[in-house]
Amino acid sequence: MTYHANEKGYYGEFGGAFIPEMLYPNTEELRQNYLQIMEEPSFIEEFRGLLKDYVGRPTPLYFAKRLSDKYQTKIYLKREDLCHTGAHKVNNTIGQILMAKRLGKTRIIAETGAGQHGVATATVCALMGIECVVYMGEIDISRQAPNVARMKMLGAEVRPALSGSRTLKDATNEAIRDWINNPVNTHYIIGSVVGPHPYPDMVARFQAVISEEIQSQLLEKEGTPNPDYIVACVGGGSNAAGAYYHYLDNEDVGIIAVEAAGKGIHSGESAATSALGKVGIIHGSKTLLMQTSDGQITEPYSISAGLDYPGVGPMHANLFTSGRGEFISITDDEAMNAGLLVSQLEGIIPAIETSHAFAIFDYRKFKQDDIVVVNLSGRGDKDLQTYIDYFKL
Ligand SMILES: *Cc1c(COP(=O)(O)O)cnc(C)c1O
């Protein structure tokens, strides 16, 4: 029994590669090579070197004393907010650009909704001097102007997706079309543990540096590598997958996943995939997703752009249905208040995505000597205007 992917990219009944025939050569090339490349000593050395000197790893594991006092339990924060570019996403884009280079690719494409993954991709393309095209829905381009400016400044081309609802799923369709047309020279960098096999497993392995560091840091601080619980917010699920990775098959460690309930799970404006999702295919993967009774994907909503995704990766769908993970949905209001609380108790302004994870302490009680690690996926600078408008600061 394992909660990792099998050879075909299945987590229980979820995962696989449900792709158009014309995409098969692209994913097949990646599938046949990714594990071998990731095990090459020169790959490991280059990946580790950039994580250390460019991203700034290891990120600290910080004992949050005032937060712990308030909630009467031992809370540690894994500080992914201190990564270069302000969140965990760069761990994956560094890994994938090195993978692309090993595969002889000279051009990168990506799709982005909020722009965070587009910025992380444009960053590593600048670092490596590789051409970068980022697809983005026309509506998202107008909603996320600062990230569009960042991508352009970093030298990327931002191509608007003009079809459908002109948001993330339309940008994804455009990126897939581009990849089909450019199978030889182009690598498609997917930004979370979603998409067809091998992406969910590959992205989880790149993000697994998070739990690897937690193990040694906790051993030093508490004399055990294992927390009682590890908590992370879930959009597609990559920061959570990285934080859980080395604990997945260790049932002494509780796994808690926090989703965005938006204006309320049953408000019609939410992104609470585990509560509302049904089995279906999204982005080439069989997983849980929010859909209408005739199988159309429902437009998700959350105040945090990074959690605003209608599905979850297949690892998380399996953690939910198997009962290995405990899934909690947090509303916009609960998250915003938790973000303010953490700012004022710890001097850390979290990304609104991460604020969802902090909000569970008002609802989920822990024992006084429990060790609870919260993965602090990103910093709140990008969300300042949303906090300002919400709290009328
Ligand atoms: C993108 C993002 C998320 C959500 O993505 P996952 O793949 O679920 O991790 C969470 N937190 C921050 C700060 C993000 O930028």
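Everything that follows concerns the structure shown earlier in this document.
Computed from a prediction, not measured in an experiment: that's the story for all the values here. (Residues numbered from 1 in each chain as written. Predicted model: local features only at pLDDT ≥ 70, side-chain atom pairs only at ≥ 80, totals over all residues. Heavy atoms only, no water.)

Draft legend 1. How the structure looks around the site of the ligand. Residues in contact with the ligand amount to 15 residues; listed here are only the nearest, Lys89, Ser192, Gly235, Gly237 and Ser238. Taking Gly235, its main chain carries an N or O atom lying 2.7 Å from an oxygen atom of the ligand. Within the side chain of Ser238, one N or O atom sits 2.7 Å away from an oxygen atom of the ligand. For the ligand, the accessible surface in isolation is 380 Å², of which the surrounding protein chains cover 97%. (Near = heavy atom within 4 Å. Polar contact = N/O pair within 3.5 Å; in protein donor to acceptor, adjacent residues only side chain to side chain. Areas by Shrake-Rupley, 256 points an atom, 1.4 Å probe, with all protein chains shown as cover.)

Draft legend 2. View of the packing of aromatic side chains. Counted under the stated rule, the structure contains twelve aromatic pairs. Taking the centre distance of 6.3 Å and the plane angle of 65° together, the rings of Trp179 and Tyr199 count as edge-to-face. With Trp179 in helix H8 (residues 168–181) and Tyr199 in helix H9 (residues 199–207), this pair connects stretches of sequence that are 20 residues apart. Residue classification places Trp179 among the buried residues on the basis of a relative accessible area of 3%. For Tyr199, a relative accessible area of 0% corresponds to the buried category. An aromatic cluster is defined as three or more aromatic residues linked by ring pairs; in this entry it consists of Tyr71, Tyr229, Phe361 and Phe366. Positioned over the ring face of Tyr301 is Lys263, at 5.1 Å from the centre of the ring. Its end group placed over the ring of Tyr3, Arg324 keeps NZ or CZ at 5.9 Å from the ring centre. (Phe/Tyr/Trp six-rings, centres within 6.5 Å; stacked < 30°, edge-to-face > 60°. Helix = DSSP H or I, 4+ residues; strand = E, 2+ residues; numbered from the N terminus. Buried < 20%, exposed > 50% of the residue type's maximum accessible area, 1.4 Å probe, protein only. Lys NZ or Arg CZ within 6 Å of the ring centre and 35° of its normal.)

Draft legend 3. A look at the pattern of salt bridges. Within the structure shown, the criterion is met by 26 salt bridges. Note that Arg102 and Glu40 form a salt bridge whose closest N and O atoms lie 3.9 Å from each other. Note that Arg102 is positioned in helix H4 (residues 89–102) and Glu40 in the loop between helix H1 (24–39) and helix H2 (41–55), a separation of 62 residues in sequence. Here the salt bridges share partners, and the residues they tie into one network are Arg107, Glu131, Glu157, Arg159 and Asp178. (Salt bridge = Lys/Arg side-chain N within 4 Å of Asp/Glu carboxyl O.)

Draft legend 4. Main features of the environment of Ile176. Structurally, Ile176 is set in helix H8. By relative accessible area, which is 18% here, Ile176 ends up buried. Between the C-alpha atoms of Ile176 and Pro20, which are 156 residues apart in sequence, the distance is 9.7 Å. In contact with Ile176, not counting residues within four places along its chain, are Leu23 and Tyr188. (Contact = heavy atoms within 4.5 Å.)

Draft legend 5. Spatial organisation of the side chain of Thr112. Checked against the element boundaries, Thr112 lands in strand E5 (residues 107–112). Looking at Thr112, its side chain comes within polar contact range of the main-chain nitrogen of Gly118, at 3.2 Å.

Draft legend 6. Representation of the sheet that holds strand E3 (residues 61–63) within the structure. Taken in spatial order, the six strands of this open sheet run E3-E4-E14-E9-E10-E13, and their pairing is mixed. Pairing within the sheet leaves two strands with one partner each, and these edge strands are E3 and strand E13 (325–331). With strand direction ignored, the average angle separating the axes of adjacent strands in the sheet is 25°. The pairing of E3 with strand E4 (residues 74–78) spans three bridges and is antiparallel. Bridged to Leu61 within E4 is Lys78. Docked against the sheet, helix H14 (residues 332–346) engages E3, strand E10 (254–262) and E13, running at close to 95° with respect to E13. (Pairing = 2+ DSSP bridges. Axes fitted to C-alpha atoms, helices over the stretch in contact; angles between N-to-C directions.)

Draft legend 7. Expanded view of the packing of H2 against H4. It is at 10 Å that the axes of H2 and H4 come closest, and there the two elements cross at 145°. Seen along the crossing, H2 lies across H4 with a hand that is right-handed. Here Ser42, Phe43, Glu46, Phe47, Leu50, Leu51, Tyr54 and Val55 of H2 come into contact with H4, specifically with Val90, Asn91, Ile94, Gly95, Leu98, Met99, Lys101 and Arg102. Grouping the amino acids of the contact of H2 with H4 by side-chain chemistry returns ten nonpolar, three polar and three charged. (Left-handed = near helix turned anticlockwise from the far one by under 90°. Nonpolar A, V, L, I, M, F, W, Y, C, P; charged D, E, K, R; others polar.)

Draft legend 8. Broad picture of the packing of H4 against helix H5 (residues 116–128). It is at 9 Å that the axes of H4 and H5 come closest, and there the two elements cross at 45°. The angle between the axes of H4 and H5 places the two elements in the oblique class. Regarding H4 and H5, the two cross each other, and that crossing is right-handed. Judged by residue contacts, Lys89, Val90, Thr93, Ile94, Ile97, Leu98 and Lys101 of H4 engage Gln116, His117, Ala120, Thr121, Val124, Cys125, Leu127 and Met128 from H5. For the contact of H4 with H5, the per-class residue count stands at nine nonpolar, four polar and two charged. (Parallel < 35°, antiparallel > 145°, perpendicular 65-115°, else oblique.)

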